[in-house]
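Each chain, letter by letter, is given below.
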Amino acid sequence: MKKIFIAIFLIFLLVAGIQSITVDEIIDNNLKVKGGVEKLSSVISAKGDGKIVRMGMEMKFSMWYKKPSMTRNEVTFSDKKMTFAYDGKTVWQISPFTGIEGPQEVTGDQADDIKESAEMFEDPFINYKQKDNKIEFLGNEELEGTEVLKVKLTRKNGKVTTYFIDAESFIELKTETIKKKDDGKEIKLESFFGDFKEVDGMMVAHSIKTKINGIDMGNVVIESVNFNVEVEDSFFKMPEKKEEKESKEESH
């Protein structure tokens, strides 16, 4: 009986110790394991290459990011290249699969997702208070056999993301976001991070699995990452449409 009470007491101490951790301690540990605030903040631009694997199909991709909020993604499938980009003002795409070869401005849900991707290039945990972001600790639970700490990030614009952070390593294993679409419906987007590798002193997930409303949407495999690459701002801007370019040439 005495051993049972001792075991219960030890479990109580363990649980109490986990629950007593503060939000700032979780965030500080998370940023440290990813490379530290100074190292992470020094990244101005990045380029990643890899493939998207879904339903037995593979699509090659390249993605670029540049502060403060620019991104460009190119996906190649069946010898055709789709481009999605944001220059900080305009979201645009070139999508030959739609039958339209030239660049087109993008609005609505898709534009919001691309903007959010660009804005999240800098880790939202860095200086989160100065950014008017709010972070809450929701307690701990189990995720696929691993004990995780749940942290809810509410950004200044009201968007909420829940992070599932490994209680031992303090690296995030999953994020969960509830998004409201243009039609008013809500969807649950889950991203699972794995295959972490060190790149220039920073930990980077090289495998990202996504689910939408519980449905597997495929796996992103990152084959290479390069930080602080040279890329001009003009690379992210929407090219002129063919007719606009021809019109300018004629006027000259």
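Reading the values: the criteria
- Residues numbered from 1 in each chain as written.
- Predicted model: local features only at pLDDT ≥ 70, side-chain atom pairs only at ≥ 80, totals over all residues.
- Heavy atoms only, no water.
- Helix = DSSP H or I, 4+ residues; strand = E, 2+ residues; numbered from the N terminus.
- Contact = heavy atoms within 4.5 Å.
- pLDDT = per-residue confidence, 0-100.
- Pairing = 2+ DSSP bridges.
- Buried < 20%, exposed > 50% of the residue type's maximum accessible area, 1.4 Å probe, protein only.

### Details of the side chain of serine 191
In this fold, serine 191 is placed in strand β11 (residues 186-199). Not counting residues up to four positions away in its chain, the partners in contact with serine 191 are Leu173, Lys174, Thr175, Ile208, Lys209 and Thr210.

### A few points about the confidence of the model for the protein
Here the protein averages 88 in pLDDT, and 88% of its residues register 70 or above. Every residue in residues 1-18 scores below 50 in pLDDT, and together they form four contacts with partners more than four places removed in sequence or on other chains.

### Side note on the pairing of strand β13 (residues 215-227)
Each regular strand carries side chains that alternate between the two faces of the sheet. Across eight bridges, strand β1 (residues 45-54) lies against β13 in antiparallel orientation. Across the sheet, isoleucine 52 pairs through a bridge with valine 220, a residue of β13. Judged from the six bridges that link them, strand β12 (residues 202-212) and β13 form a sheet pairing that is antiparallel. Looking across to β13, one finds that lysine 209 is bridged to asparagine 219. What sits between β12 and β13 in their antiparallel hairpin is a turn of two residues, with asparagine 213 showing a positive phi close to 50°.

### A short note on the environment of tryptophan 64
Along the chain, tryptophan 64 turns up in strand β2 (residues 57-66). Separated by 17 residues in the primary sequence, tryptophan 64 and lysine 47 have C-alpha atoms spaced 4.5 Å apart. When residues no more than four places from it in sequence are discounted, the contact partners of tryptophan 64 are Ala46, Lys47, Met70, Thr71, Arg72, Glu74, Phe235 and Phe236.

### A closer look at the side chain of aspartate 109
Mapped onto the fold, aspartate 109 is located in helix α4 (residues 108-119). Here aspartate 109 falls in the buried class, since its relative accessible area comes to 19%. Every residue in contact with aspartate 109, bar those within four places of it in the chain, is listed here: Lys180, Lys181 and Asp182.

### Some points on the pairing of strand β10 (residues 172-180)
Two elements, strand β9 (residues 160-166) and β10, share five bridges in a ladder whose sense is antiparallel. By the bridge assignment for β10, threonine 162 is matched with glutamate 176. Linking two consecutive strands that pair antiparallel, namely β9 and β10, is a turn of five residues; a positive phi of about 70° is found at phenylalanine 170 within it. Sheet analysis places β10 next to β11, joined by seven bridges and oriented antiparallel. Counterpart to isoleucine 178 in the pairing with β11 is lysine 188. Where β10 folds back on β11, the antiparallel hairpin that results is connected by five residues, among which glycine 184 adopts a positive phi of roughly 90°.

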